[in-house]
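# Observations on chain architecture
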Amino acid sequence: MSAMNSDTRRRGWQRDDSVDPQAVLAALDDDACRAILEATAETALTATELSEECEIPMSTAYRKVEMLTEADLVAEQVRINTTGKHATEYRKNFDDVLVSVANGGVEVELTKPNGEAASYAVADD
């Protein structure tokens, strides 16, 4: 695993080895995932709402939000309904993604919204 020189680290960025760079790249390369990211940029949506908004089957919506969640590109939260029937909703969980190829590996840096610490990941070769 390659490491980043501490002089090149961005201020406020934090290393997080739990983020898989390949998962991030695969999600960003997927048309349905990108549509979900666009749809959830401003508001959190359930899988049913994403299916309708993105014009994808429900099964695809569930697979893609799982893919995006594993890549830490969307966050899950519970929508509380007064009827007692709660739903999981999803919202885009980053502001920017920076991908670099250096030192024999792929580096993916995610900036998080609202001043939260960002993640930094390095791919092993």
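In this text the structure is predicted, and so the values were computed from the model without any measurement.

Analysis parameters
Residues numbered from 1 in each chain as written. Predicted model: local features only at pLDDT ≥ 70, side-chain atom pairs only at ≥ 80, totals over all residues. Heavy atoms only, no water. Helix = DSSP H or I, 4+ residues; strand = E, 2+ residues; numbered from the N terminus. Buried < 20%, exposed > 50% of the residue type's maximum accessible area, 1.4 Å probe, protein only. Contact = heavy atoms within 4.5 Å. Axes fitted to C-alpha atoms, helices over the stretch in contact; angles between N-to-C directions. Parallel < 35°, antiparallel > 145°, perpendicular 65-115°, else oblique. Nonpolar A, V, L, I, M, F, W, Y, C, P; charged D, E, K, R; others polar. Disulfide = S-S within 2.5 Å. Pairing = 2+ DSSP bridges.

For the rest of this paragraph, the subject is the overall build of the protein. Scanning the protein from terminus to terminus reveals four helices and seven strands. Each helix and strand of the protein, placed in order from N terminus to C terminus, yields the pattern β-α-α-β-α-α-β-β-β-β-β. Considering the protein as a whole, with its 125 residues, one finds that 40% of them fall into the buried category. Intrachain contacts of the protein at a sequence separation of at least 6 include 52% that bridge at least 24 residues.

Bringing the packing of helix 2 (residues 31–39) against helix 4 (residues 58–70) into the picture now. Viewed as axis vectors pointing N to C, helix 2 and helix 4 meet at an angle of 80°, and their least axial separation amounts to 10 Å. On the basis of their axis angle, the class for helix 2 and helix 4 is roughly perpendicular. Residues A32, C33, I36 and L37 of helix 2 form the contact with helix 4, whose own contacting residues are T60, A61, K64, V65, M67 and L68. A per-class count over the contact of helix 2 with helix 4 returns eight nonpolar, one polar and one charged.

So, about the state of the cysteines. Linking two cysteines covalently through their sulfur atoms gives a disulfide. On inspection of all chains with the given rule, the structure shows zero disulfides. Its sulfur unpaired, C33 is 9.9 Å from the next cysteine sulfur, which belongs to C54.

What follows concerns the sheet that holds strand 2 (residues 45–46). Spatially, three strands are ordered 2-4-3 in an open sheet, and the strand pairing comes out antiparallel. Across the chains shown, the open sheet's two edge strands, defined by having one partner strand only, are strand 2 and strand 3 (74–79). Looking at chain direction, strand 3 and strand 4 (residues 87–92) are connected through six bridges and run antiparallel. Pairing of A75 across the sheet is with R91, part of strand 4. Strand contacts of helix 4: strand 3 and strand 4, with the helix running at about 120° to strand 3, the strand carrying the most contacts.

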